[in-house]
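Residue-level listing of the chains:
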Amino acid sequence: MPDLAPLVRLAFPAPAPASAAPASTLGAVALVTLDRPAALNALSFDLLDELVETLERLDRDAACRAIVITGSGSRAFAAGADIRELEPQTSASLTAGGRFGVWDRLAMIGLPLIAAVRGVALGGGCELAMTCDMIVAAEDASFGQPEILLGVMPGAGGTQRLTRAIGKARAMELILTGRSMSATEALRRGLVTRVVPAEATLDVALELAAEVATMPPLAVRAAKAAILDASDRPLADGLARERATFFGLFDTDDQAEGMAAFTQKRPPVWSGH
Ligand code: CO8
């Protein structure tokens, strides 16, 4: 039966009282929750459509500065694509369906994305976490690409992003055996940013997002794009793009403000211009 309720929830949590983020950052951090707990937040095509539409809306909202994506419940960030939807597909139906374009749109989001992962991030769930810019993982989180066990292979960036994140040899092992990695292994291999006690996962991710949200927004977007260039382009191209973007930021008010505030020994006030 098709899901009729929204599959993605959006909220703007207030900064935690102990947070370094000023109260004025209310609305600057969006929390997007994948909300199909009964199916371990499996990424149906409709859920992915809702997710990308929500993220694109936030990306156009000047008040929003960072986004946390999490899964509903404690068992899963997302247990992958919805296998029930994929089972009857053929190569022709997938090609004609045009429903994988959402993954390209997810990769175009300019705001920083932080995945808060509790439980499993498998298949498309791991690919979604890796499409985010940082991953805060619970101690009980696990990451894997088990598609091989279903007779297929990763199809939403897993072979590329996992290989870039943890290296060819380890990506080969995980993708060719379908084995999952624990959060600590994922930290050791460079896939995740932090591992924290399970109950603290969302708070830590929100705090990290709140900290990023206090930074100059143009520089944040530019830095994110430049870091992504590091794995997407040959080194010389990436360096040239980095230099051009760096020079470009010297035409912004935030550059003038940031450097004036430093020399005047006061905190900067970012205008986002
Ligand atoms: N798709 C659909 N339903 C799922 C999925 C899924 N990926 N994962 C779990 N569920 C459902 C189960 O069917 C079950 O539903 P029900 O109660 O109605 O039977 C419910 O969630 C709970 O799951 P389990 O009973 O299986 O819970 P367990 O604790 O026993 O096991 C596991 C948890 C180990 C996570 C197990 O559910 C599992 O192995 N899930 C599948 C993991 C997997 O293979 N993921 C890869 C899917 S393929 C993929 O992601 C390809 C990506 C390509 C691009 C994306 C395009 C959209």
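Computed from a prediction, not measured in an experiment: that's the story for all the values here. (Residues numbered from 1 in each chain as written. Predicted model: local features only at pLDDT ≥ 70, side-chain atom pairs only at ≥ 80, totals over all residues. Heavy atoms only, no water.)

## Digging into the sheet that holds strand S7 (residues 134-138)
On the basis of which strands lie adjacent, the open sheet formed by six strands has the order S1-S2-S3-S5-S7-S10 and mixed pairing. Strands with a single pairing partner mark the edges of an open sheet, and in this sheet they are strand S1 (8-11) and strand S10 (194-196). Pairs of neighbouring strands in the sheet enclose a mean axial angle of 20°, with direction left out of account. When strand S3 (residues 66-71) meets strand S5 (residues 113-117), the two strands line up parallel, connected through four bridges. Bridge pairing in S5 places Ile-69 opposite Ala-115. (Pairing = 2+ DSSP bridges. Helix = DSSP H or I, 4+ residues; strand = E, 2+ residues; numbered from the N terminus. Axes fitted to C-alpha atoms, helices over the stretch in contact; angles between N-to-C directions.)

## A closer look at the side chain of Glu-147
Along the chain, Glu-147 falls in the loop between strand S8 (142-144) and helix H6 (158-166). Comment: no salt bridge for buried Glu-147; closest opposite-charge side chain is Arg-161, at 11 Å. Among residues more than four places away in sequence, those in contact with Glu-147 are Gly-123, Gly-124, Glu-127, Val-152, Met-153 and Pro-154. (Buried < 20%, exposed > 50% of the residue type's maximum accessible area, 1.4 Å probe, protein only. Lys, Arg positive; Asp, Glu negative; His and termini not counted. Salt bridge = Lys/Arg side-chain N within 4 Å of Asp/Glu carboxyl O. Contact = heavy atoms within 4.5 Å.)

## Thoughts on the packing of helix H10 (residues 217-232) against helix H11 (residues 235-249)
In contact at an axis separation of 10 Å, H10 and H11 are set at 175° when each is read in the N-to-C sense. As summarised for this structure, H10 and H11 are arranged roughly antiparallel, according to the angle between their axes. When H10 is examined against H11, the residues Leu-218, Ala-219, Ala-222 and Asp-229 are found in contact with a partner set consisting of Arg-241, Thr-245 and Leu-249. Residues that form the contact of H10 with H11 fall into these classes: four nonpolar, one polar and two charged. (Parallel < 35°, antiparallel > 145°, perpendicular 65-115°, else oblique. Nonpolar A, V, L, I, M, F, W, Y, C, P; charged D, E, K, R; others polar.)

## Quick look at the domain arrangement of the protein
Under the domain assignment used here, the protein contains domain 1 (8-213) and domain 2 (217-263). One C-alpha centre belongs to domain 1, the other to domain 2; they are set 25 Å apart. Taken together, the contacts link 10 residues of domain 1 with seven residues of domain 2. For the pair domain 1 and domain 2, the two sides together bury roughly 700 Å², of which 47% comes from carbon and sulfur. Summed over the shared surface of domain 1 and domain 2, the number is two salt bridges. Between Arg-221 and Asp-59 there is a salt bridge; the shortest N-O distance is 3.1 Å. Taken together, domain 1 and domain 2 are joined by five residue pairs in polar contact (both at pLDDT 80 or more). Split by residue class, the side of domain 1 that touches domain 2 holds five nonpolar, one polar and four charged. (Domains from an automatic or database assignment. Buried area = accessible area lost by both parts, 1.4 Å probe. Polar contact = N/O pair within 3.5 Å; in protein donor to acceptor, adjacent residues only side chain to side chain.)

## Section: the environment of Met-153
Positionally, Met-153 belongs in the loop between S8 and H6. Residue Met-153 is classed as exposed on the basis of its relative accessible area, which comes to 52%. Distance in space between the C-alpha atoms of Met-153 and Gly-178 is 9.5 Å, their sequence separation being 25 residues. Ignoring anything within four residues of it in the chain, the contact list for Met-153 reads Glu-147 and Thr-159.

## Some remarks on the packing of aromatic side chains
By convention here, two paired aromatic rings are described through the distance between centres and the angle between planes. Using the criterion set out here, one finds three aromatic pairs in the structure. Seen from their ring centres, Phe-246 and Phe-250 are 5.0 Å apart, and the 65° between their planes marks the pair as edge-to-face. According to the relative accessible area criterion, Phe-250 is partly exposed, its value standing at 35%. Ring-pair connections join several aromatic residues into one group, and the members of that group are Phe-246, Phe-247 and Phe-250. (Phe/Tyr/Trp six-rings, centres within 6.5 Å; stacked < 30°, edge-to-face > 60°.)

## What about the environment of Gly-101?
For Gly-101, the position within the fold is in helix H4 (residues 101-107). For the pair Gly-101 and Thr-184, spaced 83 residues apart in sequence, the C-alpha to C-alpha distance is 32 Å.

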